[in-house]
Amino acid sequence: MTYTLTTPLYYVNDKPHLGSAYTTLACDALARYQRLIGERVVLVTGCDEHGLKIQRTAEAAGLTPQAHCDAVSAQYQDLWKRWRISNDRFIRTTDPRHHSLVEQFFRRVESAGDVVEGRQQGWYCVACEEFKDDAHEADDPECPIHRRPLEWRDERNLFFRLSRYQGAIEALIAQPGFISPASRRREVENFVGQGLRDFSISRLNLPWGIPVPGHPDHTFYVWFDALLGYLTALLEPGDPPDLELAVSRGWPARVHVIGKDILRFHAVYWPAMLLSAGLEPPCQVFGHGFLTREGQKMGKSLGNVLDPAVLLDQFGADAVRWYLLRDIAFGEDGDFQQQRFLDLVNNDLANTIGNLLNRTSSMARRWFQESVPPTVEGRSPEHPLALAAAEARQLVLEGMARLDFRQAAEAALQLAIAANGFLNTQTPWSRIKQEEERQSVADDLYAVLEASRQVALLLAPLLPDLSARMMLQLQQQPLESGVMADPAAAATWLDQLRWGGLLSGLELPQPEPVMARLEPIPSP
RNA sequence: GGCUCGGUAGCUCAGCUGGUUAGAGCGUGGGAUUCAUAACCCCAAGGUCGGGAGUUCAAGUCUCCCCCGAGCCA
């Protein structure tokens, strides 16, 4: 079984923002975790490149839509590369194979009798790419989200007969866990409960889109073709554009991770489309929350947008990943606070985790021939730190599996705190002065080094870079959890998480801080 | 307008089916220590649990009303 997970396919209207980075890095952590426990993972990300909005944005910039998409899409690919996101695929909906799959998919839906012609009349928000039903009385209505004027449309479009799937969708969203977190389920239930209406899947005279086969002048509505990108993405590089083949490469997706704003498309429209085409719906749709900054919505008008590329340059991937994954409940809204960001990264990563390794390694080197001390007691599964490690491991595994990154991160941190506390109670630096304490000090240092190794292992999916630096300080092979990870070899992660794997006598390199403290920066 | 979810220490939040002095992290103050990245460890102060009424031997925890914030739908 392939573990397929997806980020949204980001709309190429503008350069990537922090919200996209947030989703993507959460997915990266999840993908790495799944690889580490031995799953064959396909992490899909990419760009959604069709629609009127794109066409207009391109025109405004004096570019062809394709040139515009190429440019923005390249920014995404570049950014993910710099963040070292382990996406196995990057799909663009302008990919020729995608066109072909959309056509195949459409034919299935059409032959299922789910495509009908209808008249679409109403006010349309180009920014949302959505009809608004609530703007009837105003003379010049504007979009409540974008505060931009709506445009009146009256055209004959093709409709997808969503209404036929009322029962099927009700049953689907009633499945526990299908919509996660559970707190978002009610919203969808309410929507579905009001009765599903057919929705238009084509646009007339919109050149920038995929033509609907058999219906001249119609192109597919962006939302119809975009989600299919998840399927196209499953094709391997040399594969012919065949829907059935794509499906066999890893459908259904185990989880679509999305922002809460597009929950409905993923939990209602998309599954219905899939059912119509005779395909399975995804196993889970996880809608995470939004990020604010210092309590305020980020937006161009406020000029308070955090640029993920700038954050990365300024603070590095570990710091930002840690803050977002460790401090914000994945699923709920979160607030990015500069001061807290600095405090947490410095406390947790530099002071607690980094310094733990540093101080311990330094003692071991000084008193035990620059290497891991020999041990009698340290390897015992009953050792207090062994017990702490076992608990941490349990919480990390459980947390990662549930996309509760915060629980996982805190558990790993907790182990480091326990190890620091252990050192302070044992005070090896004073006991080493008595020869008869030597073995006992060796045991203590061994246990703390082993605990540090466990921390490094547990951090592997969350902070792969820091994890690798820690492993090197402990003379260990860093974990490979990226796209090159070999599923067969990867399962050794769990083996390595057994207490006592660190070898005594291993030479320890000169300690170097694995995580530098961040300096407060003047506001930009 | 209907529905949903929140309002708990300076900040971010935990508090399950109601039950001893309401918890954690960060921040703040103090102590201890020197192995270490002025780090680690320990201790402390700080809350009329949005407001009001009610049920109960007992309510942050249940009921009703109100105020504030967020969201979904009309």
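Because the structure is predicted, anything quoted here is derived from the model rather than measured.

Undergrad: I'm lost on the pattern of salt bridges in this one. Help?
TA: Pairing of side chains with opposite charge becomes possible as their charged atoms draw close. What the rule picks out here adds up to 26 salt bridges. When the shortest N-O distance is used, the salt bridge between Glu151 and Arg56 registers 2.6 Å. Of this pair, Glu151 sits in strand E6 (residues 151-160) while Arg56 sits in helix H2 (residues 52-60); the two residues are 95 residues apart in sequence, bridging distant segments of the chain. Since its relative accessible area comes to 24%, Glu151 is described here as partly exposed. Residue Arg56 is classed as partly exposed on the basis of its relative accessible area, which comes to 34%. Where Glu450 meets Arg453, a salt bridge forms, and the shortest distance between an N and an O atom there is 2.8 Å. With a gap of 3 residues between them, Glu450 and Arg453 both fall in helix H17 (residues 438-459), about one helical turn apart. Each member of the pair Glu450 and Arg453 is classed as buried.

Undergrad: Sorry, what's going on with unusual backbone geometry here?
TA: Leave glycine aside and you will find that most residues have negative phi; peptide bonds, for their part, are mostly trans. Residue Pro181 follows Ser180 across a cis peptide bond; omega there is -15°. The topology assignment puts Pro181 in the loop between strand E7 (179-180) and helix H6 (185-193). Of note, the amide linkage connecting Trp251 to Pro252 takes the cis form, showing an omega dihedral of 0°. For Pro252, the position within the fold is in the loop between helix H9 (243-248) and strand E11 (255-259).

Undergrad: What am I meant to see in the side chain of Ser371 here?
TA: Its place among the elements puts Ser371 in the loop between helix H13 (338-367) and helix H14 (384-401). A distance of 2.9 Å separates a polar side-chain atom of Ser371 from the backbone oxygen of Phe368. Those residues in contact with Ser371, other than ones at most four positions away along the chain, are Ala364, Arg365, Gly505, Leu506, Glu507 and Leu508.

Undergrad: Sorry, what's going on with helix H11 (residues 308-315) here?
TA: By the burial criterion, the buried members of H11 are Pro308, Ala309, Leu311, Leu312 and Phe315. Viewed end-on, H11 has its buried residues packed into an arc of 160°, placing them on one side of the element. Residue Asp307 occupies the N-cap position of H11, its side-chain oxygen lying 2.8 Å from the main-chain nitrogen of Ala309. A positive backbone phi angle near 90° is found at Gly316, which sits one or two residues after H11.

Undergrad: What is the right way to look at the nonpolar core in this model?
TA: Generally speaking, a soluble globular protein has its nonpolar side chains buried in company with each other. Membership of the largest hydrophobic core comes to 108 residues, with the highest contact counts inside it found for Phe341 and Phe405. Among the elements that line this core, the one with the most residues is H17, at 13 residues. Leave out the neighbours within four places in its chain, and Phe341 touches Phe315, Ala319, Val320, Tyr323, Phe336 and Leu518. If you look at the next biggest cluster of nonpolar residues, it comprises 62 residues, including Leu52, Val109, Val115 and Leu263.

Undergrad: It is not clear to me how the pairing of E11 should be interpreted in this structure. Could you clarify?
TA: Both faces of the sheet carry side chains from a regular strand, because those side chains alternate between them. The buried count for E11 comes to 5 of 5 residues, which makes it a mostly enclosed element. Of the two faces of E11, both are covered, the one formed by Val255, Val257 and Gly259 as well as the one formed by His256 and Ile258. In this structure, strand E1 (residues 2-11) lies alongside E11, joined through 2 bridges in parallel fashion. Looking at the pairing, Leu5 lines up with Val255 of E11. In this sheet, strand E12 (residues 285-288) lies alongside E11 in parallel orientation, the contact comprising 4 bridges. Residue pairing for E12: Val257 is matched across the bridge by Phe286. In this region the chain leaves E11, passes through helix H10 (residues 263-276) and returns to the parallel neighbour E12; the handedness of that crossover is right-handed.

Undergrad: When you look at helix H18 (residues 464-473) in this model, what are you seeing that I'm missing?
TA: It helps to recall that an α-helix has 3.6 residues per turn; residues three or four apart then point in one direction. Those residues of H18 that fall on the buried side of the exposure criterion are Pro464, Leu466, Ser467, Met470, Met471 and Gln473. Against the buried residues of H18 lie helix H1 (18-36), helix H12 (317-327), H13, H17 and helix H20 (492-496).

Undergrad: Would you take a moment to explain the packing of H13 against helix H15 (residues 405-426) for this structure?
TA: A pair of packed helices can be characterised by two numbers: the angle between their axes and the separation between those axes. Where H13 meets H15, the closest approach of the two axes is 10 Å, and the angle between their N-to-C directions is 45°. Considering their axes alone, H13 and H15 lie oblique with respect to each other. Between H13 and H15 lies a crossing of left-handed hand. Between H13, through Asp348, Thr352, Ile353, Leu356, Arg359, Thr360 and Met363, and H15, the contact on the second element is made entirely by Leu413, Ala416, Ile417, Ala419, Asn420, Leu423 and Asn424.

Undergrad: How should the sheet that holds E6 be read in this particular structure?
TA: For sheets, the rule is that strands pair by backbone hydrogen bonds, running either parallel or antiparallel. Strand order in the open sheet made by the 4 strands is E5-E4-E6-E8, with antiparallel pairing throughout. A single partner strand is all that each edge strand has here, and the edge strands are strand E5 (130-132) and strand E8 (199-200). Of the pairings in the sheet, the one linking E6 to E8 comprises 2 bridges and is antiparallel in character. Opposite Phe159, over in E8, you have Ser200 as the bridge partner.

Undergrad: How should the protein's contact with RNA strand B be read in this particular structure?
TA: If you check the shell around RNA strand B, you find 32 residues, and the closest are Gln194, Arg264, Asn355, Arg359 and Asn424. The sugar-phosphate share of atoms of RNA strand B within 4 Å of the protein amounts to 77%. Arg340 places a polar side-chain atom, nitrogen or oxygen, 3.3 Å from a base nitrogen of RNA strand B. Asn424 is positioned with one of its side-chain polar atoms (N or O) 2.6 Å from a sugar or linking oxygen of RNA strand B.

Undergrad: Hey, could you run me through the environment of Thr93 in this one?
TA: Tracing the backbone through its elements, the reader meets Thr93 in the loop between strand E3 (89-92) and helix H4 (96-111). With 109 residues separating them in the primary sequence, Thr93 and Ser202 have C-alpha atoms 16 Å apart. In this structure Thr93 touches Leu9, Cys47, Asp48, Glu49, His50, His98, His99, Ile210, Asp225 and Ala226, once residues within four positions along its chain are discounted.

Undergrad: Sorry, what's going on with the confidence of the model for chain A here?
TA: Segments scoring low in pLDDT should not have their predicted coordinates read at a detailed level. In the predicted model, chain A carries a mean pLDDT of 91, and the fraction of residues at 70 or more is 96%. Overall fold confidence (pTM) sits at 0.94, and the ipTM for the predicted complex is 0.92.

Scoring rules and cut-offs
Throughout this description, residue numbers start from 1 for each chain and increase along the sequence as written. Here chains are named by letter from A upward and ligands by number from 1 upward, in the order in which they appear as written. For this predicted model, a pLDDT threshold of at least 70 governs which residues receive local features, and a threshold of 80 or more governs which side-chain atom pairs are given and counted, while totals over whole chains, interfaces and linings are taken from all residues. The side-chain figures draw on all heavy atoms in the structure; neither hydrogens nor water molecules are used. We define a salt bridge as a side-chain nitrogen of Lys or Arg found within 4 Å of a carboxyl oxygen belonging to Asp or Glu. Counting from the N terminus, the helices are the DSSP runs of H or I reaching at least four residues and the strands are the DSSP runs of E reaching at least two. A simple rule labels every residue: compare its accessible area, found with a 1.4 Å probe on the protein chains alone, to the largest value its type can have, and call it buried under 20%, exposed over 50%, or partly exposed in between. Whenever a nitrogen or oxygen atom comes within 3.5 Å of another N or O atom, the pair is scored as a polar contact, on the condition that within protein one atom can donate a hydrogen and the other can accept it, and that pairs from neighbouring residues in sequence are kept only if both atoms are in side chains. Two residues form a contact once any of their heavy atoms are found within 4.5 Å. Think of the arc as the fan of directions from the helix axis to the C-beta atoms. Joining through side-chain atoms within 4.5 Å is the link that ties buried Ala, Val, Leu, Ile, Met, Phe, Trp, Tyr and Cys residues into a set, and such a set is a nonpolar core. Think of it this way: DSSP has to see at least two bridges between two strands before they count as a pair. A crossover gets the label right-handed when its path from the first strand over the helix to the second runs clockwise, viewed with the strands pointing away from the viewer. Every angle, taken between N-to-C directions, lies between 0 and 180 degrees, and every axis is a line fitted to C-alpha atoms, over only the stretch in contact when it is a helix. Working definition: roughly parallel below 35 degrees, roughly antiparallel above 145 degrees, roughly perpendicular at 65 to 115 degrees, and oblique for all remaining angles. Rotating anticlockwise by less than a right angle from the far helix to the near helix defines a left-handed crossing, while the corresponding clockwise rotation defines a right-handed one. One heavy atom suffices: a residue is near a molecule or strand as soon as one of its heavy atoms comes within 4 Å of it. A residue's pLDDT is the predictor's confidence in that residue, given on a scale from 0 to 100.

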